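# Chains, contacts and geometry: an overview
Here is what each chain is made of, one letter per residue.
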Amino acid sequence: MQTETVAAGSAYALSRAVELLRAGEIVALPTETVYGLAADAFNPSAVAKIFEAKERPHFNPLIVHLPDRDALEEIADVEGDLVTRLIERFWPGPLTIVLPKRGRIPPIVTAGLETVAVRMSRNPVFARIIGAFGRALAAPSANRFGHISSTSATHVRDELQGRTSLIVDGGATEHGIESTILQVMREQIRILRRGPVTSEMLAEFGPIAETVSSGRIIAPGQLPSHYAPRAKLFVVTNLDSFSVSTGKKTAALSFRSRPRSGTFSITRQLSKRGDLREAAVNLFGMLRELDACHPDLIVAELVPEEGLGLAINERLLRAAAS
Ligand code: TXA
Ligand code: MG
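What this report covers is the structure whose coordinates are included nearby. Please read these numbers as outputs of a predicted model, since none were measured by experiment. (Residues numbered from 1 in each chain as written. Chains lettered and ligands numbered in written order. Predicted model: local features only at pLDDT ≥ 70, side-chain atom pairs only at ≥ 80, totals over all residues. Heavy atoms only, no water.)

### Some thoughts on empty space enclosed by the protein
- As enumerated under the stated definition, the model contains two cavities of 30 Å³ or more in all.
- The volume enclosed by the largest cavity comes to roughly 60 Å³.
- In terms of lining, the largest cavity is formed by Thr-180, Ile-191, Arg-194, Gly-195, Val-197, Thr-198, Ser-199, Gly-307, Leu-310 and Ala-311.
- A breakdown of the residues in the lining of the largest cavity according to their chemical character gives four nonpolar, five polar and one charged. (1 Å grid on protein atoms, 1.4 Å probe; cavity = no way out; pocket = protein on both sides within 12 Å on 5 of 7 lines; lining within 4 Å. Points joined across faces, edges and corners; volume = space filled by probe spheres on them. Nonpolar A, V, L, I, M, F, W, Y, C, P; charged D, E, K, R; others polar.)

### Topic: helix H3 (residues 81–90)
- What H3 keeps buried is the set Leu-82, Val-83, Leu-86, Ile-87 and Phe-90. Down the axis of H3, the smallest arc covering the buried residues is 135 degrees, so these residues share one side. (Buried < 20%, exposed > 50% of the residue type's maximum accessible area, 1.4 Å probe, protein only. Helix = DSSP H or I, 4+ residues; strand = E, 2+ residues; numbered from the N terminus. Arc of directions from axis to C-beta.)

### Describing the nonpolar core
- If you look at the biggest cluster of nonpolar residues, it comprises 48 residues, and the most contacted ones within it are Val-64, Leu-66, Ile-75, Leu-86, Trp-91 and Val-118.
- Apart from the residues within four sequence positions on either side, Trp-91 is in contact with Leu-66, Leu-72, Leu-86, Ile-97, Val-118, Arg-119 and Met-120.
- Grouped together as the second largest cluster of nonpolar side chains are 28 residues, Leu-233, Val-235, Leu-308 and Leu-316 included. (Core = buried A, V, L, I, M, F, W, Y, C linked by side-chain atoms within 4.5 Å. Contact = heavy atoms within 4.5 Å.)

### With respect to the pairing of strand E8 (residues 166–169)
- Relative to E8, strand E1 (residues 4–7) runs parallel, the two sharing four bridges. Counted as the bridge partner of Thr-5 is Ile-167 from E8. (Pairing = 2+ DSSP bridges.)

### With respect to the packing of helix H1 (residues 11–22) against helix H5 (residues 124–133)
- Contact pair H1 / H5: the axes reach a minimum separation of 9 Å and the direction vectors enclose 50 degrees. In terms of orientation, H1 and H5 fall into the oblique class. Like other packed secondary-structure pairs, H1 and H5 cross with a definite hand, here right-handed. Here Leu-14, Ala-17, Val-18, Leu-21 and Arg-22 of H1 lie close against H5, whose contacting residues are Arg-128, Ile-129, Ala-132 and Phe-133.
- Taken together, the residues of the contact of H1 with H5 break down into seven nonpolar, no polar and two charged. (Axes fitted to C-alpha atoms, helices over the stretch in contact; angles between N-to-C directions. Parallel < 35°, antiparallel > 145°, perpendicular 65-115°, else oblique. Left-handed = near helix turned anticlockwise from the far one by under 90°.)

Written as structure tokens, this is what we have:
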């Protein structure tokens, strides 16, 4: 399969993406979080192509993206006032909500679960394409299973060249990490995956339930070994106290301070000014850059445990777990 990359601004990008989606093909599109690999959510054989391209296990359900708020009714049951208030506040935006599923979504999308994860992207390119398509798209992150998510069209190419016919290049994504996923249970908010909508932002809307331990998989994709670079990754609280073994090519990812020169073969700083938003935007791209130098080891420093920092650390710890 030839992979064509087109600039988001062109009229051709829009018409070609819609044409391919209508024909039951998969298309890589930018969202405000990370790039997604999209297919018609109501076409099971189109959705099967996503699993094939990503080499993703079929027990791992996909997020359904909506063209508009009205499209929600045929996909999920909206129960309770809290869900409605969260939707009103955060959609369109980087928040995914797990809701009881309605019949029409094919089981391949939800991996046979009784629930469906739904969101509505605020990215203007994504919004235009899904709007013109006119129905829901199933779209996981545009990377091969277990790899780091893609925050640029180049990353998507590196991951899915020859596996998707179209990549719509909308530039670097705004948030750089995947959407927050939550579920409302007994009028409490349970965060299944941390993301750009932080628990501080959610706390205004209702009580946040303690996250259950990862033993039981509520979000099947929350396997510990997610986001793995090829190199072994090691997480530390302070890079300065890390002693590098001689003869080992060691890469360092720091938050704001510059790693000691002469110690590490290659270094990246997530945010020189110590801004967690900037750090989130840089996270996956910098991990890819370090990994591309084929180090023996990547040492990553945890960021402050506040706001977005929790979401960033969650991803670093997952990358280290593999
Ligand atoms: O920002 C994002 O959410 C990106 C963009 C492309 O929308 N998508 C994304 O999709 O990160 P993916 O497939 O890489 O991660 C979705 C996560 C998976 O861990 C999956 O297991 C979980 O959502 N999930 C999907 N449906 C679920 C459900 N019904 N219940 C619980 N977790 C679910
Ligand atoms: Mg993913």
